Amino acid sequence: MTTDVFSALANPVRRQLLDSLREGPRAAGELAGLFSLSRPAVSEHLQVLRGAGLVREEPRGRHRYYHLQAQPLAEVGQWLHPYEHFWRERLRSLRDTLDKEFP
């Protein structure tokens, strides 16, 4: 099953799974333990991430380890790039407001 990267990132559980994999590979059971979801539910989320190419699965004996594959996130970065100036403008406004309120 192939999944669009943007669709995969739309779910907060999947984003949390990716965040937890930034530190390195983790076993499926360890990832499932991070959530109050059932193991099958977490497995479904991992399947979506695999389909989007955001993680790869490595079988080691009876365990499956998941690795972050960040390359597909470049597509997201390219899409977001034109909007960065809006964020910078808002952050500048926030900084100016804070500087006035808390000199």
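Check the entry above for the structure.
Thresholds, definitions, all that
- Residues numbered from 1 in each chain as written.
- Predicted model: local features only at pLDDT ≥ 70, side-chain atom pairs only at ≥ 80, totals over all residues.
- Heavy atoms only, no water.
- Helix = DSSP H or I, 4+ residues; strand = E, 2+ residues; numbered from the N terminus.
- Expected span 1.5 Å × (residues − 1).
- Buried < 20%, exposed > 50% of the residue type's maximum accessible area, 1.4 Å probe, protein only.
- Contact = heavy atoms within 4.5 Å.
- Core = buried A, V, L, I, M, F, W, Y, C linked by side-chain atoms within 4.5 Å.

Caption draft 1: Representation of helix H4 (residues 39–51). Helix length check: H4 (13 residues) gives 18 Å between terminal C-alpha atoms against 18 Å at 1.5 Å per residue, within 8%. Listed in full, the buried residues belonging to H4 are Val42, His45, Leu46, Val48, Leu49 and Gly51. In this structure, the buried residues of H4 make contact with helix H1 (5–9), helix H2 (12–21), helix H3 (28–32), strand E2 (55–60) and strand E3 (63–68). Where H4 ends, the next residue or the one after it, Gly53, has phi of about 75 degrees, a positive value.

Caption draft 2: The arrangement of the nonpolar core in detail. Counting residues in hydrophobic clusters, the biggest one holds 19 residues, and the most contacted among them are Leu17, Leu46, Leu49 and Leu54. Excluding residues within four positions of it along the chain, Leu49 makes contact with Ala8, Arg14, Leu17, Leu18, Leu54 and Val55.

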